[in-house]
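An overview of the molecular structure
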Amino acid sequence: MSFKGVQKVFSYTQVNNASPEKVFQLLCPVREKEWLDGWDCKMIHSKSGIIEKNCVFTTPHHGESETVWHVTNYDPEKYEIEFFRVTPNETTVRINIKLSSKSNSQTNTYIEYLYTALNEQQNEIIKYNLENSFIESMLWWESAINHFLKTGKMLVS
């Protein structure tokens, strides 16, 4: 019997209360430690020490293995980032983030996650249980980054 992983796309558009330039610079695994409560990462490869194309980092995961992230696109001029992350024996996720100016003081941040299951249990989670937690995560992220943009302080959960 061969396994076939389920794929599903979830997307969300945040409204961030700053210019694309200010929002974009916070979308970095190192900078996220400043504003995203609970975020931690270990940089594996980066020439600059921060986000750049082909940088690789890991984040803790509840399972035995860390999640490995690879920055596959990083374009500060267009305000676009793409990550590809792998949580061994669970999922792969391609994350696209594109920013555009909404007004002088607001940014639309379009976020798209493409999940692929690597086992039957994850097939079920992606099909039936992931959408609500994805939306909760996006709402938290939006609140946290907007709080930081307004106050310069982390919003603690």
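1. Quick word on the pairing of strand 3 (residues 56-59)
Consecutive side chains of a regular strand alternate in pointing toward one face of the sheet and then the other. Side-chain alternation along strand 3 places Val56 and Thr58 on one buried face and Phe57 and Thr59 on a second face that is also buried. Inspection of the sheet shows strand 2 (residues 42-45) paired to strand 3 by 3 bridges, in the antiparallel sense. Along strand 3, the bridge assignment pairs His45 with Val56. Looking at chain direction, strand 3 and strand 4 (residues 67-75) are connected through 4 bridges and run antiparallel. Residue pairing across strands places Val56 opposite His70, the latter belonging to strand 4.

2. Comments concerning the side chain of Thr92
As for its position among the elements, Thr92 is in strand 6 (residues 91-103). Looking at Thr92, the relative accessible area reads 14%, which means it is buried. Once residues lying within four places of it in the same chain are set aside, the contact partners of Thr92 are Phe84, Arg85, Val86, Leu114, Tyr115, Thr116 and Leu118.

Here is what the cut-offs are and how they apply
- The residue numbers shown here count from 1 along each chain, following its written sequence.
- The predicted origin of the model limits local features to residues at a pLDDT of at least 70 and limits the giving and counting of side-chain atom pairs to 80 or more, whereas totals for whole chains, interfaces and linings rest on all residues.
- Hydrogens and water are ignored here; the side-chain numbers use all heavy atoms of the structure.
- The buried label goes to any residue with under 20% of its type's maximum accessible area, the exposed label to any with over 50%, and the partly exposed label to all in between, with areas taken from a 1.4 Å probe on protein chains only.
- Runs of E in the DSSP output that reach at least two residues are strands. Runs of H or I that reach at least four are helices, and both are numbered from the N terminus.
- Here, a strand pair is defined by DSSP locating no fewer than two bridges between the strands.
- Residue contacts are counted whenever heavy atoms from the two residues lie within 4.5 Å of one another.

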